[in-house]
Amino acid sequence: MIRQDAAAVRTVSHDLPYSDELKRFMAQGWRPAPVSDGRALPGAAVTPARRAQLSARFPGERLVVPAGELKVRSNDCDHRFRPHSAYVWLTALTGEEQAGHVLVLEPSGPHGHEAVLHLRPRSPRTDGDAFYRDRRHGEFWVGPRPDLEEAEQLTGIRCVPLDRPAREISGRNADRDSELASVLAELRLVKDPWEVAQLEEAVRHTVSGFEDVVRALPRALEHPRGERWVEGVFNLRARAEGNGTGYETIAAAGAHACVLHWTRNDGPLDARELLLLDAGVETDTLYTSDITRTLPLSGRYSSVQRQVCELVLAAQEAGIAALRPGADFRDFHRAGMRVVAEGLTEWGILQSPDGERYRRYTLCSSGHMLGLDVHDCARARADAYLDGTLAEGQVLTVEPGLYFQPDDETLPAELRGIGVRIEDDLVITAEGARLLSGALPRTPDAVETWMGELLAA
């Protein structure tokens, strides 16, 4: 077995040696080129309150929140870097240059903390050659980053040079690290108005991406890997309007829709079948939407396809109706699954709506929190999230589905290979919940009309 040592790989270079004369020449003749315009980052105004909330939970303790490290994709090429969501929430810093950086909340006074960002400063042009020779961090290789003064203007946080990795700064208390991760997730459960606005922006761009996909279906139907065509069309919108997709796009045609996280997207499209598209744009501030529609590739649902879509829609409507402050988080799932079980019983697939046999055809829960992560706040403890109650300002998805596997002999032949999911994003309000993704049609009739208008334009 060949072991790949990332650090060792990075020492290998195909560059010709630099002479002293060339090094001197490279250090001369550069004018100042600031990275920022002196304005604070979007979101920087709301981060002090977030850090104060965290500070209050850990009086007198040193808190270390790393951005994360680069990961090798192949040999000397890294995956695109995205900072850890807790780091983003506390600093408003979202860029790829944040790899390796660390936020530290140092105890200050009897109860408070001072925030300090440990950052890799901008490489000086007149002292050293990192700016043009460092393939991983040099600005001529991966782009410029702010100097410490600029970073302080962007964030409002005191910045110091990064001189050691996060694990050395933290001191590594595993138990307290776990507690910190849970608290950070729980603090993020309720979104502030700025965050809701970011999620609304993510939804708007996602709606545009779904429209792009429908317009592209004639070309996708002709391609032997039409699912990839769909994925590419949506992902183009995500990169053009935001940071990219919030998760790997699911473009699942036919029986592939019965695989919950089908991201291979290597199959053809058949006009007689359905396309399950589960996709979300991530904004430049790293908030993501998460929307699913199951579309008839012919533009019209067959009677059987419509029957399945209508049952899933009825389950979603029941789930949405159960959303309100103070309701158990699991109530909306229970409400939707009751509708599913009763529908399957009416169809003769189940003998009774009672019990758990319906789960053979639904497979998973029907919703989750949404925010900086598509499955947001997953480190929150059960009593604060899954076994907790809903609160005004939380944002979540409601996404019931029916997945009739192509080889399932408990089903009539006409249902086998049909997978349907309908997913929308909602914010909990004082009165119940507000649908954020209502611009995308949800009923079979409305979907058909919408598709027809887009394809005719």
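All of these numbers come straight from a predicted model, not from anything done at the bench.

Description of the overall build of the chain
Then step 1. Helix and strand counts for the chain stand at 14 helices and 16 strands.
Then step 2. In terms of overall dimensions, the chain is globule-like: its C-alpha atoms have a radius of gyration of 25 Å, near the 23 Å expected for 457 residues.
Then step 3. When each of the 457 residues of the chain is scored for burial, the buried share is 48%.
Then step 4. Intrachain contacts of the chain at a sequence separation of at least 6 include 70% that bridge at least 24 residues.
Then step 5. Side-chain charges in the chain split into 53 positive and 70 negative, and the spacing between the mean points of these groups amounts to 4 Å.

Some remarks on the packing of aromatic side chains
Then step 1. Under the defined criterion, the tally for this structure stands at 10 aromatic pairs.
Then step 2. A centroid spacing of 5.1 Å and a plane angle of 75 degrees characterise the contact between phenylalanine 329 and tyrosine 385, whose relative ring orientation is edge-to-face. A residue pair is termed long-range when its members are at least 10 positions apart, and phenylalanine 329 in the loop between α12 (303-321) and α13 (331-346) and tyrosine 385 in the loop between α13 and β12 (395-398) qualify at 56 residues.
Then step 3. Here phenylalanine 329 falls in the buried class, since its relative accessible area comes to 4%.
Then step 4. Tyrosine 385 gets classed as buried once you look at its relative accessible area, which sits at 9%.
Then step 5. Among the aromatic residues, those joined into a cluster by ring pairs are Tyr18, Trp30, Phe131, Tyr132 and Phe140.
Then step 6. The ring of tryptophan 30 has arginine 125 lying over it, and the distance from NZ or CZ to the ring centre is 4.8 Å.

Here's the deal with the confidence of the model for the chain
Low-pLDDT portions of the prediction should not be read for the details of their coordinates.
Then step 1. Residues at a pLDDT of 70 or more form 96% of the chain, whose mean pLDDT is 94.
Then step 2. Within the model, the stretch residues 1-10 combines pLDDT values under 50 with 12 contacts to residues more than four positions away or in other chains.

A look at the environment of leucine 350
Then step 1. Position of leucine 350 relative to the elements: it lies in the loop between α13 and β12.
Then step 2. For leucine 350, a relative accessible area of 8% corresponds to the buried category.
Then step 3. Along the primary structure leucine 350 and threonine 410 are separated by 60 residues, whereas in three dimensions their C-alpha atoms are 9.3 Å apart.
Then step 4. Residues within four places of leucine 350 in sequence aside, it is in contact with Ala341, Leu344, Thr345, Arg357, Tyr358 and Tyr361.

Here's the deal with the sheet that holds strand β5 (residues 112-119)
Then step 1. Pairing in this open sheet of four strands is mixed, and the strands run β1-β4-β5-β6 from one edge to the other. With one partner strand each, in any of the chains shown, β1 (63-66) and β6 (158-161) form the two edges of the open sheet. Pairs of neighbouring strands in the sheet enclose a mean axial angle of 30 degrees, with direction left out of account.
Then step 2. Where β5 and β6 come together, four bridges link them in parallel fashion. Bridge pairing links leucine 117 to cysteine 159 in β6.
Then step 3. Strands in contact with helix α3 (residues 47-57) are β1, β4 (102-108) and β5; relative to β5, the strand with the most contacts, it is inclined by about 120 degrees.
Then step 4. Against the sheet, helix α7 (residues 148-155) contacts β5 and β6, and its axis sits at roughly 150 degrees relative to β6.

Looking at the pattern of salt bridges
Then step 1. With the rule as written, the count across this model stands at 37 salt bridges.
Then step 2. Among the salt bridges present, the one from aspartate 387 reaches arginine 330, with a minimum N-O distance of 3.2 Å. Taken as a pair, aspartate 387 in the loop between α13 and β12 and arginine 330 in the loop between α12 and α13 lie far apart in primary sequence, 57 residues in all.
Then step 3. Overall, the relative accessible area of 34% leaves arginine 330 in the partly exposed class.

Criteria and thresholds
- Residues numbered from 1 in each chain as written.
- Predicted model: local features only at pLDDT ≥ 70, side-chain atom pairs only at ≥ 80, totals over all residues.
- Heavy atoms only, no water.
- Helix = DSSP H or I, 4+ residues; strand = E, 2+ residues; numbered from the N terminus.
- Rg over C-alpha atoms; globule rule 2.2 N^0.38 Å.
- Buried < 20%, exposed > 50% of the residue type's maximum accessible area, 1.4 Å probe, protein only.
- Contact = heavy atoms within 4.5 Å.
- Lys, Arg positive; Asp, Glu negative; His and termini not counted.
- Charge placed at Lys NZ, Arg CZ, Asp CG, Glu CD.
- Phe/Tyr/Trp six-rings, centres within 6.5 Å; stacked < 30°, edge-to-face > 60°.
- Lys NZ or Arg CZ within 6 Å of the ring centre and 35° of its normal.
- pLDDT = per-residue confidence, 0-100.
- Pairing = 2+ DSSP bridges.
- Axes fitted to C-alpha atoms, helices over the stretch in contact; angles between N-to-C directions.
- Salt bridge = Lys/Arg side-chain N within 4 Å of Asp/Glu carboxyl O.

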